[in-house]
Amino acid sequence: MAMHETADSKVIERFKQRTSLEPHQVLRYCRNGSPLWVSAEHHPQENDIPHCVCGAKRVFELQVMPQLLNHLKVDAPGASIDWGTLAVYTCAQSCDQGNRYTPEFLWKQDFSADHR
């Protein structure tokens, strides 16, 4: 790694390369895959992701990309929101809770301070 190159700069460069293929993509689906992180920091550890209400582990299913922010038009003072990526984890067993809503787990990763 070059002296000026950090782990974070390598991660953001990978993110930029992958998203350049579909620059307007707002959702990225990859069940049992891995999120495309925007930073080398603040990745969930296995124990950070709670098990489903049925007791099964949760797995990565999809992520909401930061490109969605361009479409939400909420960049006004007091109304602004921001994220690097939102990773959604769902039941590995795809459990059926009948007609009841089963909450999923969301991990929010912000851009690092170096890449804002």
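Structure shown above.
Rules behind the numbers
Residues numbered from 1 in each chain as written. Predicted model: local features only at pLDDT ≥ 70, side-chain atom pairs only at ≥ 80, totals over all residues. Heavy atoms only, no water. Helix = DSSP H or I, 4+ residues; strand = E, 2+ residues; numbered from the N terminus. Buried < 20%, exposed > 50% of the residue type's maximum accessible area, 1.4 Å probe, protein only. Contact = heavy atoms within 4.5 Å. Areas by Shrake-Rupley, 256 points an atom, 1.4 Å probe, with all protein chains shown as cover. Pairing = 2+ DSSP bridges. Axes fitted to C-alpha atoms, helices over the stretch in contact; angles between N-to-C directions. Core = buried A, V, L, I, M, F, W, Y, C linked by side-chain atoms within 4.5 Å. Salt bridge = Lys/Arg side-chain N within 4 Å of Asp/Glu carboxyl O. Phe/Tyr/Trp six-rings, centres within 6.5 Å; stacked < 30°, edge-to-face > 60°.

Within the protein chain, the secondary structure is distributed over two helices and four strands. Listing every helix and strand of the protein chain by position from the N terminus yields α-β-β-α-β-β. Of all 116 residues assigned to the protein chain, the portion counted as buried reaches 34%. Looking at the protein chain alone, contacts between residues at least 24 apart form 71% of all its contacts between residues at least 6 apart. Carbon and sulfur atoms make up 52% of the accessible area of the protein chain, which totals about 7,800 Å².

Strands sit in the order S1-S2-S3-S4 across an open sheet of four strands; the sheet is antiparallel. Across the chains shown, the open sheet's two edge strands, defined by having one partner strand only, are strand S1 (27-29) and strand S4 (105-109). Neighbour-to-neighbour, the strand axes of the sheet open up by a mean angle of 30 degrees, direction not taken into account. Bridge count for S1 against strand S2 (residues 58-64) is three bridges, and the pairing is antiparallel. Bridge pairing links Arg-28 to Gln-63 in S2.

Take the pairing of strand S3 (residues 85-91) next. The element S3 is largely enclosed, with a buried count of seven among its seven residues. In this structure, S2 lies alongside S3, joined through six bridges in antiparallel fashion. The residue of S3 that forms the bridge with Gln-63 is Ala-87. Strand direction decides the pairing type here: S3 and S4, joined by five bridges, are antiparallel. Its bridge partner being in S4, Ala-87 is matched across the sheet by Trp-107.

The next thing to look at is the nonpolar core. Trp-37, Ile-49, Phe-60, Ala-87, Tyr-89, Phe-105 and Trp-107 form the largest nonpolar core, which has seven residues in total. Those elements that place two or more of their residues in this core are S3 and S4. Here Trp-37 is in contact with Val-11, Phe-15, His-43, Pro-44, Thr-85, Ala-87, Tyr-89, Trp-107 and Gln-109, once residues within four sequence places are set aside. If you look at the next biggest cluster of nonpolar residues, it comprises five residues, including Ile-12, Phe-15, Leu-36 and Met-65.

This part is about the pattern of salt bridges. Using the criterion set out here, one finds three salt bridges in the structure. Of the charged contacts in the structure, one is a salt bridge between Glu-61 and Arg-31, with a shortest N-O distance of 3.0 Å. One end of the pair, Glu-61, is in strand S2; the other, Arg-31, is in the loop between S1 and S2, with 30 residues separating them in the sequence. By relative accessible area, Glu-61 is classed as buried at 17%. Judged by relative accessible area, which is 24%, Arg-31 ranks as partly exposed.

A complete count under the given rule lists three aromatic pairs for this structure. An angle of 70 degrees between the planes, with centres 5.9 Å apart, marks the rings of Phe-60 and Tyr-89 as edge-to-face. In this pair, Phe-60 is assigned in strand S2 and Tyr-89 in strand S3, connecting sequence segments 29 residues apart. The class of Phe-60 is buried, set by a relative accessible area of 3%.

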